[in-house]
Amino acid sequence: MLNLVIFGAPGSGKGTQSERIIDRYGLYHISTGEVLRDQIARGTQLGKLADKYISQGHLIPDDLMVKVLADEIDSHPDEVSRGIIFDGFPRTIPQAEELTRLLKERGTEVHAVVGLEVEDTELIERMLKRGRDTGRADDNPDTIKERLNVYHSQTQPLREYYHKQNKFHPVPGSGSVDHVFSHISRHLDNIDTESSSNANI
Ligand code: AMP
């Protein structure tokens, strides 16, 4: 069983690479952004609240996000037993600590974090293109700017957090989807899920 975090700035290719990883490693995909967009589309109370944060490029508060994640995990027991790819979570240190706790309670852990590294100028171009192609509401110039600020101030510190646990695997995220994926699979093929819990001892 492999629990993986796919990590990176907005527009770094987390969703695209997740699809490839799922095809090859059979993991269950939890994208917190997709969960929230689905709630918004269905007009639920959570969706209405989330929309206020998302449209401004801000993060949903940690306590709420942790509940959303725990619900996702617990409502798919068979699928998560294959291993999970977390896409868009954690985004803050408190979320990472809660993820450790949640998985520990369920007898498992985060085995590896793959970090997609892409320059801001390329991230902006990619998100503007995605906004034009898909109509995704938060892919507009003002919100993109704020999302990148939030990424650098609140999310990027997680690289160091997981690096200290010997779990962080940086991968250059520019270049073709195939090229980036081959780099990721080289890391994943070498992860020893039995001994990774001792990596930081
Ligand atoms: P994403 O699709 O991962 O880029 O997420 C889109 C938006 O959903 C983000 O800009 C946040 O507003 C919100 N969001 C998604 N995941 C999280 C999270 N783990 N913590 C807080 N907000 C989140």
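Everything that follows concerns the structure shown earlier in this document.
Report on the accompanying structure. Since the structure is predicted, the reported quantities are computational estimates derived from the model, not experimental observations. (Residues numbered from 1 in each chain as written. Predicted model: local features only at pLDDT ≥ 70, side-chain atom pairs only at ≥ 80, totals over all residues. Heavy atoms only, no water.)

**Things to note about the overall build of the protein**
In plain terms, the rule: Counting from the N terminus, the helices are the DSSP runs of H or I reaching at least four residues and the strands are the DSSP runs of E reaching at least two. Only protein chains enter the accessibility calculation, which uses a 1.4 Å probe; a residue is then buried when its area is under 20% of its type maximum, exposed when over 50%, and partly exposed in between. All accessible-area figures derive from a Shrake-Rupley calculation using a 1.4 Å probe, and residue coverage is judged against the displayed protein chains alone. The charged-residue count follows a simple rule in which Lys and Arg add positive charge and Asp and Glu add negative charge, with His and chain termini not counted at all. Where a charge sits is defined by one atom per residue type, namely NZ (Lys), CZ (Arg), CG (Asp) or CD (Glu).
What the protein contains, in helices and strands, is ten helices and five strands. Counting only C-alpha atoms and orienting by the principal axes, one finds that the protein spans roughly 45 × 40 × 30 Å. Counting over 201 residues, the protein shows a buried share of 45%. Surface exposure of the protein reaches about 10400 Å², of which carbon and sulfur atoms provide 49%. With 24 positive and 32 negative side-chain charges, the protein shows a spacing of 2 Å between the two charge centroids.

**Observations regarding helix α10 (residues 177-189)**
Basically, it comes down to this: Multiplying 1.5 Å by the residue count of a helix minus one yields the expected span of that helix. The arc refers to the directions leading from the helix axis to the C-beta atoms.
Its 13 residues place the ends of α10 18 Å apart at the C-alpha level, agreeing with the 18 Å of an ideal helix rising 1.5 Å per residue. Considered for burial, the residues of α10 that qualify are Val180, Phe181, Ile184, Ser185 and Leu188. The buried residues of α10 all sit within an arc of 135 degrees when viewed along its axis, so they share a single face.

**Section: helix α2 (residues 32-41)**
Operational definition: What makes two residues a contact is simply this: any of their non-hydrogen atoms within 4.5 Å.
Those residues of α2 that fall on the buried side of the exposure criterion are Thr32, Gly33, Val35, Leu36 and Gln39. Projected down its long axis, α2 carries its buried residues within an arc of 160 degrees, all on one side. The inward-facing, buried residues of α2 contact β2 (28-31), α3 (45-54), α4 (62-74) and β3 (84-87). Remark: Gly43 follows α2 within two positions and exhibits a positive phi of approximately 70 degrees.

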